[in-house]
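# What the coordinates show
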Amino acid sequence: DIQMTQSPSSLSASVGDRVTITCRASQGISNSLAWYQQKPGKAPKLLLYAASRLGSGVPSRFSGSGSGTDFTLTISSLQPEDFTTYYCQQYYSIPGTFGQGTKVEVK
Amino acid sequence: QVQLVQSGAEVKKSGASVKVSCKASGYTFTNYGISWMRQAPGQGPEWMGWISAYNGNTNYAQKVQDRVTMTTDTSTNTAYMELRSLRSDDTAFYYCAREDYSSGWYPYWGQGTLVTVSS
């Protein structure tokens, strides 16, 4: 199985900050990467797919980049509702595998 | 709009079985497969397997393939996931999810079902 490693595991930031989360795959996955946001007690919500394409209804402050093994999720201006946990997922090969998560906390 | 509604929380003893349901609406059920994931506390989701709602073909994760059975009932647009010989490390939220066509990413998720396994 392909291992997905996110960094950092948590970060502290303030409203309005620019935040970047990194995801590294254990082998090349082209651009077959999705990002999800998950709030406590809720299912994950799709933010981006194909590394950089926004999901339906997702605000434009979210963006993604990368290809191969290294990917980033950027939130350009952190909003109060963005303080939660984010996961990457590769779908290059079965089984699709997720990172361990990055928790964005209030500084 | 696509909706996936799952059955309620379950508490089971070690060694027992659990069957979680996922009722789909808002699309043609047999045009898509349903995947099942689980998420233990503080961890990322883990893919458990997939079932085609068209013909019942399945693909299970190696970790659970000896203990899991996924089925569908096309008369009620419902998918089921049964996990047998439960252990304490099976305690998790269980989710059904649907891909966007056969894309590999999941825009549609059920609300989750907490399965607690106690000894």
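Just above, that's the structure.
Cut-offs used in this document
Residues numbered from 1 in each chain as written. Chains lettered and ligands numbered in written order. Predicted model: local features only at pLDDT ≥ 70, side-chain atom pairs only at ≥ 80, totals over all residues. Heavy atoms only, no water. Pairing = 2+ DSSP bridges. Helix = DSSP H or I, 4+ residues; strand = E, 2+ residues; numbered from the N terminus. Axes fitted to C-alpha atoms, helices over the stretch in contact; angles between N-to-C directions. Phe/Tyr/Trp six-rings, centres within 6.5 Å; stacked < 30°, edge-to-face > 60°. Buried < 20%, exposed > 50% of the residue type's maximum accessible area, 1.4 Å probe, protein only. Lys NZ or Arg CZ within 6 Å of the ring centre and 35° of its normal. Disulfide = S-S within 2.5 Å.

### Brief notes about the sheet that holds strand β3 (residues 19-25) of chain A
Residue and element names in this part refer to chain A. Across the sheet, which stays open at both edges, the four strands sit in the order β1-β3-β8-β7 with antiparallel pairing between neighbours. Single-partner strands in this sheet number two, and they are β1 (4-7) and β7 (62-67). Put simply, the sheet's adjacent strands are angled 20 degrees from each other on average, direction ignored.

### Brief notes about the packing of aromatic side chains
For the structure on display, the rule yields ten aromatic pairs over all chains. Here the aromatic rings of Tyr36(A) and Trp109(B) are separated by 5.8 Å at their centres, their planes lie at 80 degrees, and the arrangement is edge-to-face. Placement of the pair is Tyr36(A) in strand β4 (residues 33-38) and Trp109(B) in strand β10 (residues 108-109), with the two residues belonging to separate chains. For the pair Tyr36(A) and Trp109(B), a shared accessibility class is recorded, and that class is buried. For the pair Tyr106(B) and Trp109(B), a centre-to-centre distance of 6.0 Å together with 70 degrees between the ring planes defines the contact as edge-to-face. The exposure class of Tyr106(B) is buried, given its relative accessible area of 5%. Owing to a relative accessible area of 12%, Trp109(B) belongs among the buried residues under this scheme. Connected via pairs of aromatic rings, a cluster forms that spans Tyr36(A), Phe98(A), Phe93(B), Tyr95(B), Tyr106(B) and Trp109(B). The side chain of Lys19(B) reaches across the aromatic face of Tyr80(B), ending 5.0 Å from its centre. Of note, Arg98(B) hangs over the ring of Tyr32(B), and the distance from its end group to the ring centre comes to 3.5 Å.

### Focus: the state of the cysteines
Each disulfide is one covalent bond, formed between the sulfur atoms of two cysteines. On inspection of all chains with the given rule, the structure shows two disulfides over all chains. In this model Cys23(A) forms its disulfide with Cys88(A); the gap between the sulfur atoms is 2.1 Å. Looking down the S-S bond of the Cys23(A) and Cys88(A) bridge, the torsion is 70 degrees, so its handedness is right-handed. Linking Cys23(A) in strand β3 with Cys88(A) in strand β9 (residues 85-90), this pair joins segments that are 65 residues apart in sequence. Here Cys23(A) and Cys88(A) have matching classes, each one buried. The residue that forms a disulfide with Cys22(B) is Cys96(B), at a sulfur-sulfur distance of 2.1 Å. Across the S-S bond linking Cys22(B) and Cys96(B), the dihedral sits near 80 degrees, which makes this disulfide right-handed. Of the two residues, Cys22(B) is situated in strand β3 (residues 18-25) and Cys96(B) in strand β9 (residues 92-98); the sequence distance between them amounts to 74 residues.

### Here's the deal with the sheet that holds strand β8 (residues 78-83) of chain B
Residues and elements named next belong to chain B. Read across the open sheet, the four strands follow the order β1-β3-β8-β7; overall the sheet is antiparallel. Each edge of the sheet is formed by a strand with only one pairing partner; in this case those strands are β1 (3-6) and β7 (68-73). The average undirected angle you get between the axes of adjacent strands in this sheet is 20 degrees. Inspection of the sheet shows β1 paired to β3 by four bridges, in the antiparallel sense. Note on β3: the bridge partner recorded for Gln 3 is Ser 25.

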